[in-house]
Amino acid sequence: MFAFIVRRVIAGVIMLIVMSLVTFLLFFASPVDPAQFACGKNCSPAIKEQTRKALGYQKPAVEQWKDFMVGIFKGRDYPDDPALRKAAPQLVAHCPAPCFGYSVLNSKTVNEEIKRAFPITLSLAVFALILWLLGGVALGCIAALTKGSFIDRGLVGISLVLYAFPTFFIGLILLKFVSIKWGLWDKPEYTSIADGGVFSWLSNLFLPAVTLAVVFMAAYVRMTRAFVLEAMSEDYIRTANAKGLSKGRVLVKHTLRGALTPIVTMAGLDFAGLLAGAIITEYVFNFNGLGKLVVDANRTYDLPTIIGTVVLAATFVIVANIVVDLLYAVIDPRVRVA
Amino acid sequence: MSATAEETPSAAPSTTPGNPILEVENLRMYFPVKSSGLVRRTVGHVQAVDGVSFQVEKGTSLGLVGESGCGKSTTGRMVTRLYQPTGGAIRFEGKDIAQTKPGDLKPIRREIQMIFQDPYTSLNPRHTVGAIVGAPLAIHKVVPRDKILPRVQELLEVVGLNPEHYNRYPHEFSGGQRQRIGIARSLTLQPKLLVADEPVSALDVSIQAQVVNLLQDVQKEFGISFLFIAHDLAIVRHFCPEVAVMYLGKIVEIADRDTLYERPHHPYTQALLSAVPDVKQAAIGGRRERIRLQGDVPSPINPPSGCRFRTRCQFAQEICAKVEPPLLQIGPRHKVACHFAGELGAHPATPVTMDVCGVDAQGSPVPGATPVEQLNKPGFDDRWYDLKTQQFTGR
Amino acid sequence: MDSMASRATEPAPSFLSVRDLQVHFPTSDGLVKAVNGLTFDLEAGKTLGIVGESGSGKSVSSLAIMGLHHGTNAQISGEIVLEGTDLLGLTPDEMRQRRGRDVAMIFQDPLSAMHPYYTVGNQIAEAYQVHHDVSRGAAKKRAIEMLDRVGIPNAQQRVDDYPHQFSGGMRQRAMIAMGLINDPGLLIADEPTTALDVTVQAQILDLLQDLQREFNSAIIIITHDLGVVAEMADDVLVMYAGRAVEHGPTNEILVHPEMPYTWGLLSSVPDVTADTDARLIPIPGNPPSLLNPPSGCSFHPRCPHKDKVPGDLCRTTLPDLVPGQRGPGHTKRCHLADPESIYQSEILPEIAPDLVEER
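Residues numbered from 1 in each chain as written. Chains lettered and ligands numbered in written order. Predicted model: local features only at pLDDT ≥ 70, side-chain atom pairs only at ≥ 80, totals over all residues. Heavy atoms only, no water.

Caption draft 1: Molecular detail of the overall build of chain B. For chain B, the helix and strand inventory stands at 12 helices and 14 strands. Considered along the principal axes of its C-alpha atoms, chain B spans approximately 70 × 60 × 45 Å. Relative to its 395 residues, chain B shows a buried fraction of 54%. Residue pairs at least 24 apart in sequence account for 65% of intrachain contacts in chain B once pairs closer than 6 positions are excluded. As displayed, chain B has an accessible area near 16,700 Å², and 51% of this comes from carbon and sulfur atoms. (Helix = DSSP H or I, 4+ residues; strand = E, 2+ residues; numbered from the N terminus. Buried < 20%, exposed > 50% of the residue type's maximum accessible area, 1.4 Å probe, protein only. Contact = heavy atoms within 4.5 Å. Areas by Shrake-Rupley, 256 points an atom, 1.4 Å probe, with all protein chains shown as cover.)

Caption draft 2: Main features of the interface of chain C and chain B. Taken together, the contacts link 50 residues of chain C with 47 residues of chain B. Counting the surface chain C buries against chain B, the share from its top three residues, E231, V272 and T276 of chain C, is 18%. Along the contact surface separating chain C from chain B lie 1 salt bridge. In this structure, the connection of chain C to chain B is made through 12 residue pairs in polar contact (both at pLDDT 80 or more). Elements supplying a minimum of two residues to the side of chain C that touches chain B: helix 9 (198-215), helix 10 (226-232), helix 11 (250-255) and helix 12 (260-268) of chain C. If you tally residues by element for the side of chain C that touches chain B, the top one is helix 9 of chain C, at 9 residues. Looking at the side of chain C that touches chain B residue by residue, the classes come out as 25 nonpolar, 15 polar and 10 charged. (Buried area = accessible area lost by both parts, 1.4 Å probe. Salt bridge = Lys/Arg side-chain N within 4 Å of Asp/Glu carboxyl O. Polar contact = N/O pair within 3.5 Å; in protein donor to acceptor, adjacent residues only side chain to side chain. Nonpolar A, V, L, I, M, F, W, Y, C, P; charged D, E, K, R; others polar.)

Caption draft 3: Structural context of the sheet that holds strand 5 (residues 95-96) of chain B. Residues and elements named next belong to chain B. Taken in spatial order, the 4 strands line up as 2-1-4-5 in an open sheet, and their pairing is antiparallel. Two strands bound the open sheet, and with one partner strand each, they are strand 2 (42-57) and strand 5. Contacts from helix 1 (residues 72-79) reach strand 1 (20-34), strand 2 and strand 4 (87-92) within the one sheet, and its direction differs from that of strand 1 by about 115°. (Pairing = 2+ DSSP bridges. Axes fitted to C-alpha atoms, helices over the stretch in contact; angles between N-to-C directions.)

Caption draft 4: The state of the cysteines, seen in detail. Counted under the stated rule, the structure contains 0 disulfides over all chains. Of all cysteine sulfurs, the one in C313 of chain B lies closest to C338 of chain B, which takes part in no disulfide; the gap is 6.0 Å. Residue C338 of chain B is classed as buried on the basis of its relative accessible area, which comes to 9%. For C303 of chain C, which is in no disulfide, the shortest distance to another cysteine sulfur is to C314 of chain C and amounts to 6.2 Å. (Disulfide = S-S within 2.5 Å.)

Caption draft 5: Broad picture of helix 9 of chain C. Here helix 9 of chain C spans 25 Å end to end across 18 residues, near enough to the 26 Å set by a 1.5 Å rise per residue. For helix 9 of chain C, a buried count of 15 out of 18 residues is recorded, marking the element as mostly surrounded by other parts of the structure. (Expected span 1.5 Å × (residues − 1).)

What follows is the structure, given as structure tokens:
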């Protein structure tokens, strides 16, 4: 098992390195001049060149990628150009390892940006995950157990409709009607636990989390239903029934455990994807999470931020994959030996 | 039901010894076992098939029986070259195809075809029967495109299906009918050798007989040779004039069917035969006395030294652990791999293989004695080792 | 023969008594009559073999005895009286409490019949704990005892293994341990050895017989293998298309079969001692559809002897399950007037010529 983890981690690190390189190459392959972008509309060629140097964009892409890798492992000082650093030592910012870069546009290291935005996204993702897993699995089980009945058809139908709704639509309805028009819930505004306590944190997260969870939940209801039905047709469920176990015990101990494996995989990967930012939900509710950070960085051609968030998102997916594989081994003893 | 060594005239054409269509010599298939460590090294091998030799004569059938995991299916897959053997030779009409490159296998595929066990999963559910049966014709371009359909219909008729049903899908047929489709498919290219891997074991009893009869008709009509792999001893006996018994990757006994079923000399063959439930027992009631095998088949990753059956054999002695018993010919068409080979209840007290292997009764090498070389040859010799006289004799 | 005789005179309070059992499944294509008017008795400590092909209703009827059709859309009628209680009259919860305690079942494929994620010991102990209020430790101890009893070496250690770590034969032994842990009066074995090799099959059949003697359980063994029936069963019930077509003591049915379907079963299976020149005599055609069963005798489209019955009787009229020429204990569902002579003159010479000469 240990060897397995080590193998997977090594593979993951290699993937991350390759991915960061690809991101660099793609960034500079685009016809847009990032320096022009950073410089603004009224920009003389001289200022543009200065901006380019300040951002370090004059170097070849591979060179910059090397600097980035060095930053990850050793940390860096900004501005990148030594001449500029000497000229204005008061502006030099040190970015300790692992340094994702320095965003001149935000006048902050990318690490600081992420550190600010990540808790928001994380809170949102965890809350949503709990909601959709509990709701999706429970409703999915109910649908499977009442297969063919009115309840089942209702649940499947509703989940199909909800699944078809775009996230922003659900988000806007919740915001505009539930919160603003009817005043059923305070307009959400992210407050950290440190600022407002656990209750305020939770209550402000509720509407956005529900928005996120609804779409996922719709998918999970249908998925759970299918997996539970499949597990229910297994021979070992017939054995469990033949022992005289109660319905509930057969469901919880035997059926669900069998149906759990694929759900865990899906949930792990969905969660990892969300950690990189729930873009639409964050925009609708104006939460300054990673999703918003990513979109803003892309709009302003802010390479350091783009690279930082891409690598972070990829790390989440890779780590989630490893964790899911480990969970497999916990769930299924047949995997353990292999 | 006389027990003479002469073949009773059977459904198959009379055998002409020394005219093999398929000759398999010392065939081996080792599947690597990978370690779970940081670097995935090969730490061992599953010796699925380890040194198997046999002959299939033109127009006849050789049965390969044994329990699950004995390597009989792996052998079949090597003969059809679905697997590349680790070692040994597969001579089809005199040409060794054991190491032929995958790209050069196409002509061999025309000559050697396979019938699979499960008629439910071995037919593509999205193809019509006509497409399934006609595909080999199209792939090998043996007949013009417009002649494929008439040929397919002809084949469907041969296997007893309605030729008008060529445009139906496999799910519209019952299990027995599907197996007929599989047989039609295998016959399309008029192969010379058919490898039938458990062709009837997935079918209902009343249907099994239909398919067995069909295979016999096909054999008679087209003169096809069969390598018939099955675990059902009665069906193999019915179909094959010659039968080989496998245990843990090796042939332990091979003989013509009357000898094998009436005078088996290997303790495993005897146990296997005695375990088959018998309908006639009903007249007497209760259960017969049988040879009870204890425990399970050992792992093929680390098989027992010497004789692989010794861990479950009631006659096993020291020599069995030390020396691997050779597949020794003890009759005109009878070979057995056992140090204590003998008829049921008449196993000798001393090893019969001492001279042949050049060892003493405990299995230690006798100085000066030279073992008889290379006994693991396919087919049968004119000379054999007579167990009674302990001498080589001949016809 | 005792059970047969008593049945003819009075509705004896036998251990298990199934009366006119019907199991129908409504489907979108129509009503599938999986079991149609099945009636039989079984004494404690005796073995009944139910023989038939897939779709003959043998598994469906055993699941009905287990009450495992609860929660499906099956329509069940008739009586299943076990020790004086009609199981079909019980509430689902009352039936649940009897399942595993009074009736237990073992299945064809022991690998898929055991949960892959729980240890063998856990699954066996669970079967004990459902019906006994004992601690986990006590249940596990009992599971080890049972594993030891069914011949698992090192039961103390192997109890913590997962099913995939057991061999096929050991898994079936573990299933038997699970079935017998509550000492049920009735054990239903559905094709218990079909997935196993012959030598392992012999081990399992030996074990079942030993345990039957020890626990005095009644056993219903469902199989397609007449050889297994011959060696295991006291009585045989041959089923075809959801109906019993022949029923009686094993040696009666297998030595003097009176129903052409039974003849077909006997003649289509080669024997390890049979004459290899003889062609197998298959039953022509395919098993019937249960949605749209043939009129009259369900076997008539495949029956080679129907022209021996005068008129169109086989096609129009369903024969009753009545005693034939061999006395009240041996019933058959066939219009043939003199099956014994047809069997002796036409069937036996084909399947076992050596037996004919002895007569």
